[in-house]
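If you want the building blocks of each chain, they are given just below.
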Amino acid sequence: MTNISIALSALKEGQALKITPQGTSMCPFFYGGRDSVNVVVPQFPLKRGDIALYLRDNGTYVIHRIYKVKKTPTGTEYYMMGDNQNWIEGPLRESQIHAVTKSIVRKGKLIDCDTNKLYRFLSGLWLFVRPLRPFFIKIWNNSNIKNRRSSG
């Protein structure tokens with residue numbers, strides 16, 4: 001049994017799970033290796049803006065935000081994307097979604113994904129401006145490079 005299998009088994013038994021994602025696909029909302037997410041078993045249907053842990057068809061587990069929810073005659077389809085990305089992945093089936101994020105620990109501070117109004121507003125705005133993301137990401141990355149140079 002793999003570590004992820006053990007963790008998902010504990011999750012199904014009602015335990016919350018803390019995951020420290022890797023990579024940069026969810027920047028600027030959280031950073032891989034620095035921040036963590038607390039996930040629970042999903043209560044379907046999920047909604048646009050939720051962050052879900054899902055299994056791709058290639059066997060890779062990913063944590064991304066739901067961009068679109070589509071009801072079909074055969075069930076609900078979910079379309080996902082990272083906050084630092086501009087492409088949409090999907091459709092995903094509910095059976096591929098194993099957890100949903102309840103809170104984020106960003107720079108040591110807890111952000112409740114359901115009740116934090118500023119977080120909900122900013123994440124909703126970020127989904128809305130998807131076509132403009134490359135422009136904002138470029139500005140964000142340039143700003144971070146300048147900050148690292150001036151502090152080092």
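Heads up: the structure comes first, above all this text.
Residues numbered from 1 in each chain as written. Predicted model: local features only at pLDDT ≥ 70, side-chain atom pairs only at ≥ 80, totals over all residues. Heavy atoms only, no water.

Engineer: Outline the overall build of the protein, listing residues and values.
Structural biologist: Secondary structure assignment for the protein yields three helices and eight strands. The C-alpha atoms of the protein give 16 Å as radius of gyration, which agrees with the globular expectation for 152 residues (15 Å, within 12%). Each of the three principal axes of the protein carries a C-alpha extent, and together these read 50 × 35 × 35 Å. Relative to its full complement of 152 residues, the protein shows a buried share of 39%. A separation threshold of at least 6 residues defines the contact pool for the protein, and within that pool the share at least 24 residues apart is 54%. In the structure as shown, the protein presents an accessible area of about 9100 Å², 57% of it carried by carbon and sulfur atoms. (Helix = DSSP H or I, 4+ residues; strand = E, 2+ residues; numbered from the N terminus. Rg over C-alpha atoms; globule rule 2.2 N^0.38 Å. Buried < 20%, exposed > 50% of the residue type's maximum accessible area, 1.4 Å probe, protein only. Contact = heavy atoms within 4.5 Å. Areas by Shrake-Rupley, 256 points an atom, 1.4 Å probe, with all protein chains shown as cover.)

Engineer: Mind laying out unusual backbone geometry, listing which residues take part and the relevant values?
Structural biologist: Residue Pro 28 is reached from Cys 27 by a cis peptide bond, and omega for that bond is 10 degrees. For the bond running from Gly 90 to Pro 91, omega is 5 degrees, close enough to zero to count as cis. Topologically, Pro 91 is positioned in strand β6 (residues 89-93). Of note, Lys 107 is a non-glycine position whose phi angle comes to about 50 degrees, a positive value. By relative accessible area, Lys 107 is classed as exposed at 57%.

Engineer: Report on helix α1 (residues 3-12), specifying residues and quantitative values.
Structural biologist: Taken together, the buried positions of α1 are Ala 7, Leu 8, Ala 10 and Leu 11. All buried residues of α1 fall inside an arc of 155 degrees around its axis, so they share one side. Contacts made by the buried residues of α1 are with β1 (17-19), β2 (36-40), β3 (51-55), β4 (61-72) and β7 (97-106). Directly beyond the C-terminal end of α1, a positive phi value near 100 degrees is found at Gly 14. (Arc of directions from axis to C-beta.)

Engineer: Which residues make up the pattern of salt bridges, and what are the values?
Structural biologist: Two side chains that carry opposite charge are able to pair once their charged atoms sit near each other. Under the defined criterion, the tally for this structure stands at seven salt bridges. Ionic pairing is found between Lys 102 and Asp 114, a salt bridge with its closest N-O pair at 2.4 Å. With Lys 102 in strand β7 and Asp 114 in the loop between β8 (109-112) and α2 (117-128), the pair connects residues that are twelve residues apart, well separated along the chain. Given a relative accessible area of 32%, Lys 102 falls into the partly exposed group. Each of Lys 47, Asp 50 and Arg 120 takes part in a single network of salt bridges with overlapping partners. (Salt bridge = Lys/Arg side-chain N within 4 Å of Asp/Glu carboxyl O.)

Engineer: Can you break down the packing of aromatic side chains residue by residue, with the values?
Structural biologist: Inspection of the entire model under this criterion finds four aromatic pairs. Measuring from ring centre to ring centre gives 6.2 Å for Trp 126 and Phe 136, while their planes differ by 50 degrees; the resulting arrangement is tilted. Of this pair, Trp 126 sits in helix α2 while Phe 136 sits in helix α3 (residues 133-151), and the two are ten residues apart along the sequence. Among the residues examined, Phe 136 registers a relative accessible area of 34% and is labelled partly exposed. Between Phe 135 and Phe 136 the ring centres are 5.5 Å apart and the planes differ by 65 degrees, which places this aromatic pair in the edge-to-face class. Following the ring pairs from residue to residue traces out a cluster consisting of Trp 126, Phe 135 and Phe 136. One cation-aromatic arrangement involves Arg 65 over Phe 29; the distance from NZ or CZ to the ring centre is 5.0 Å. (Phe/Tyr/Trp six-rings, centres within 6.5 Å; stacked < 30°, edge-to-face > 60°. Lys NZ or Arg CZ within 6 Å of the ring centre and 35° of its normal.)

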